[in-house]
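Residue-level structure breakdown
Next come the chains, spelled out residue by residue.
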Amino acid sequence: MKKKIVLNACGVKSLGGVKLFIEAFEYFSDLNEYIIVLYSEDEFYGDLKNQTYENKNIKFIQLTKKRYLHPFLNLLIEKDLKNEINSSSGIIHFGNFGFNTQVKSFIFVQNILPLISKNIKNRILLFFINRSFKKCDNIIVQLSHTAELINKKYIKKIIQIGEIQNTKVKTNKNNNIVCFGSDVPNKNYKFMLNVLKSLPDKNKITIVNPPNKLKELNCVFTETHEETLKVMSLNGIYFHASEFETVGLPLYEAQELGLKIVVPNKPYSKYFLSNNTFLYDYKSTEDAISKIYDAGVAEEDYILANSYSEKWEKVLDKI
């Protein structure tokens, strides 16, 4: 018997969030289950439309309520839609929190900042997250360092879907350095620039999609994930500086392309293997420069790369 599964993607709009949702969507739609997608962003719907999903078992419904109203959507949506949701097998809320339903509900933690940061915005988000944790059946996390941030009283609700495997890949034999630009404070872009501008061979440095173009460093702007991977593959070292990551997908992608990674010693980097991973003290310019140098002189022909995947069947078994 087919299951009717509701995927609540309202509020999901970041590139990483959309990518993760689409991977989950593809998994459930390939099973030929009946899928209802709730979404709020026009750009997000465009990303879905670009895929070839000509399936009568899939319905897209746009909800235009403001983000701060999303925890109360059960009180604001039309009666017919509410009945359809409550007649489903279960609902998966992407984007950290959801709204009340009468069916099995799952909260997918895609952003750990509200669990860590104490500014006003994140305190408000944490209130709704904890409210959802209390009422949901299960909490979906990707990796164990995220599970460790969740109150222990919810430990029995946690489902970890992220898995890491090791694969042997050929090392990119050059000292070119690549990194990503971002104006998100957590990404520490200014720190990265301080480090990169202190290196001698600036012509070997590429910044992908920086907030502003820089004259002294190579800047490349990409529009697709495939273009981004192609740029990354031309380099031998990937430099990362984020304080927090739920997963840190670029780190895994860089390793799979044969790049050595230089990354701060933070909880999200604990999964990486030491022979091709160069950990530096967080926000230490001197140590970051030192580890970039160490990566440049390392001479391994092959590296053991971490490959990340998500096992959504763990969630399906609970619905």
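Further up the page is the structure itself.
Residues numbered from 1 in each chain as written. Predicted model: local features only at pLDDT ≥ 70, side-chain atom pairs only at ≥ 80, totals over all residues. Heavy atoms only, no water.

Concerning the overall build of the protein
When its secondary structure is counted, the protein shows twelve helices and 15 strands. By the compact-globule yardstick of 20 Å for 319 residues, the protein fits well, its C-alpha radius of gyration being 21 Å. Referenced to the eigenvectors of the C-alpha coordinate spread, the extents of the protein come out at roughly 65 × 40 × 35 Å. Residue pairs at least 24 apart in sequence account for 64% of intrachain contacts in the protein once pairs closer than 6 positions are excluded. Carbon and sulfur atoms make up 50% of the accessible area of the protein, which totals about 16200 Å². Here the protein carries 43 positive and 35 negative side-chain charges, and the mean point of each set is 7 Å from the other. (Helix = DSSP H or I, 4+ residues; strand = E, 2+ residues; numbered from the N terminus. Rg over C-alpha atoms; globule rule 2.2 N^0.38 Å. Contact = heavy atoms within 4.5 Å. Areas by Shrake-Rupley, 256 points an atom, 1.4 Å probe, with all protein chains shown as cover. Lys, Arg positive; Asp, Glu negative; His and termini not counted. Charge placed at Lys NZ, Arg CZ, Asp CG, Glu CD.)

Things to note about the side chain of Ser307
In this structure, Ser307 sits in strand β15 (residues 302-310). Of the residues examined, Ser307 reaches a relative accessible area of 19% and is grouped as buried. In this structure the side chain of Ser307 is engaged in a polar contact, spanning 2.8 Å, whose partner is the side chain of Glu256. Sequence-distant contacts of Ser307, that is, excluding residues within four places in its chain, are made with Glu163, Ile164, Gln165, Tyr252 and Glu256. (Buried < 20%, exposed > 50% of the residue type's maximum accessible area, 1.4 Å probe, protein only. Polar contact = N/O pair within 3.5 Å; in protein donor to acceptor, adjacent residues only side chain to side chain.)

A look at the sheet that holds strand β4 (residues 90-93)
Spatial ordering of the open sheet is given by β3-β2-β1-β4-β5-β6-β7, a layout of seven strands whose pairing is parallel. The open sheet has two edge strands with one neighbour each: β3 (58-62) and β7 (158-160). Going across the sheet, the axis of each strand differs from the next one's by a mean of 20°, ignoring polarity. Direction of pairing for β4 relative to strand β5 (residues 104-108): parallel, over a ladder of four bridges. If you follow His93 over to β5, its bridge partner there is Ile107. (Pairing = 2+ DSSP bridges. Axes fitted to C-alpha atoms, helices over the stretch in contact; angles between N-to-C directions.)

Topic: a nonpolar patch on the surface
Residues Phe72, Leu75 and Leu76 make up a contiguous nonpolar surface patch of roughly 280 Å² in combined accessible area. Looking at the element boundaries, Leu76 is found in helix α3 (residues 73-76). The exposure class of Leu76 is partly exposed, given its relative accessible area of 38%. (Patch = residues over 30% accessible without salt bridge, like charges linked within 9 Å, V, L, I, M, F, W, Y side chains within 5 Å. Salt bridge = Lys/Arg side-chain N within 4 Å of Asp/Glu carboxyl O.)

Notes on the environment of Gly296
Topologically, Gly296 is positioned in helix α11 (residues 285-297). A residue is classified by how much of its surface remains accessible, and Gly296, at 18% relative accessible area, is buried.

Overview of the pairing of strand β9 (residues 177-180)
In terms of strand pairing, β9 meets strand β10 (residues 205-208) through four bridges, oriented parallel. In the sheet register, Ile177 faces β10, and the bridge partner there is Ile205. A crossover connection joins β9 to the parallel β10 through helix α8 (residues 189-197); in handedness this β-α-β unit is right-handed. When β9 meets strand β12 (residues 237-239), the two strands line up parallel, connected through two bridges. Counted as the bridge partner of Ile177 is Ile237 from β12. (Right-handed = clockwise from strand over helix to strand, strands pointing away.)

A closer look at the pattern of salt bridges
In the structure shown here, the tally under the stated rule is eight salt bridges. Taking the shortest distance from any N to any O, the salt bridge between Lys173 and Asp301 comes out at 2.7 Å. Of this pair, Lys173 sits in the loop between β8 (162-170) and β9 while Asp301 is found in the loop between α11 and β15, placing the two residues 128 residues apart along the sequence. The class for Lys173 is exposed, based on a relative accessible area of 55%.

Description of α11
Over its 13 residues, α11 runs 19 Å from end to end, which matches the ideal 18 Å to within 8%, given 1.5 Å per residue. Here α11 has its buried residues at Asp287, Ala288, Lys291, Ile292, Ala295 and Gly296. On the buried face of α11, the contacting elements are β9, α8, β12, β13 (260-264) and β14 (277-280). (Expected span 1.5 Å × (residues − 1).)

Side note on helix α1 (residues 15-30)
End to end, α1 covers 22 Å across 16 residues, agreeing with the expected 22 Å (1.5 Å per residue, within 8%). Those residues of α1 lying buried are Gly17, Val18, Leu20, Phe21, Ile22, Ala24, Phe25, Phe28 and Ser29. At the exit of α1 stands Asn32, carrying a positive phi of roughly 65°.

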